[in-house]
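# Structural overview for review
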Amino acid sequence: MDQPQPTAVAPAAGQTALAPATQEFLKALGSPTRQRIMMLFSQGAELSVGEVAEHAGISQATASQQLTLLRRGRIVTSRREGKTVYYRADRDGAVSALAELQSYLMTCC
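### What to know about the overall build of the protein chain
When helices and strands are tallied, the protein chain shows 5 helices and 3 strands. Going residue by residue from the N terminus, the α and β elements of the protein chain occur as α-α-β-α-α-β-β-α. Nonlocal contacts in the protein chain, meaning residues at least 24 apart in sequence, comprise 52% of its contacts between residues at least 6 apart. As presented, the protein chain carries roughly 7,600 Å² of accessible surface, and 53% of it is formed by carbon and sulfur atoms.

### Comments concerning the pattern of salt bridges
Should their charged atoms come close, side chains of opposite charge can pair. Under the definition given, this model contains 4 salt bridges. Salt-bridge contacts for E24 lead to K27; the nearest nitrogen and oxygen are separated by 3.8 Å. Residue E24 and its partner K27 are located together in helix α1 (residues 20-28), separated by 3 residues, close to a single helical turn. Between R79 and E46 there is a salt bridge, and its shortest N-O distance comes to 2.8 Å. Taken together, the residues span a long stretch of sequence, with R79 in strand β2 (residues 76-81) and E46 in the loop between α2 (32-39) and β1 (47-48) at a distance of 33 residues. A cluster of three or more residues bridged by salt bridges with shared partners is formed by E46, R79, E81 and R88.

### Focus: helix α4 (residues 60-72)
Every α-helical turn comprises 3.6 residues, leaving residues that sit three or four positions apart pointing alike. Counted at 1.5 Å a residue, the expected span for α4 with its 13 residues is 18 Å, and the 18 Å between its end C-alpha atoms agrees. Among all positions in α4, only A63, Q66, L67 and L70 are buried. Down the axis, α4 shows its buried residues gathered within 100° of arc, on one side only. Residues of α4 that are exposed and point over 90 degrees away from its buried face: A61 and R72. Among the structural elements, α1, α2, α3 (49-56), β2 and β3 (84-89) are those in contact with the buried residues of α4. At the C-terminal side of α4, R74 shows a positive phi close to 60°.

### Structural notes on the sheet that holds β3
Taken in spatial order, the 3 strands of this open sheet run β1-β3-β2, and their pairing is antiparallel. Two strands bound the open sheet, and with one partner strand each, they are β1 and β2. Bridging between β2 and β3 involves 6 bridges; their strand directions are antiparallel. Bridging from a neighbouring strand, E81 pairs with T84 of β3.

The rules behind these values
- Residues numbered from 1 in each chain as written.
- Predicted model: local features only at pLDDT ≥ 70, side-chain atom pairs only at ≥ 80, totals over all residues.
- Heavy atoms only, no water.
- Helix = DSSP H or I, 4+ residues; strand = E, 2+ residues; numbered from the N terminus.
- Contact = heavy atoms within 4.5 Å.
- Areas by Shrake-Rupley, 256 points an atom, 1.4 Å probe, with all protein chains shown as cover.
- Salt bridge = Lys/Arg side-chain N within 4 Å of Asp/Glu carboxyl O.
- Expected span 1.5 Å × (residues − 1).
- Buried < 20%, exposed > 50% of the residue type's maximum accessible area, 1.4 Å probe, protein only.
- Arc of directions from axis to C-beta.
- Pairing = 2+ DSSP bridges.

Pasting the structure below:
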C-alpha cells in the first residue's frame, strides 16, 4: 500500500524569512567550487585572486567571481594593498550567519 506523501506547510503567520545576508551565506556555500576555495583559507591563510586561482585550478576571472559571491555571503573578507586584493576567511560573518540560521531552524523546526 502506498504511503501518503507529506504536504508542504505554509509558514505560520508572522514568521519571517532569513535575513538577506544569511540567504547570501547559504548561496555562497552551495557551490563545490566555492567550498573548495574556502578550504584554501584554513589556518588564517590570506591569498590574492591569482593565488586562489592557482591553488583551486581555475581561471583568475572565475576565482574573482567566486570570491565576490563568498564576500557577499560574509564568508570571506578582503583588503587592498596597492593593486592587489587579499582575501581571508571572515569568521565573524560566518558565525553571525550560522547563529541566525540556528535560531531560524529552532523556531521553524
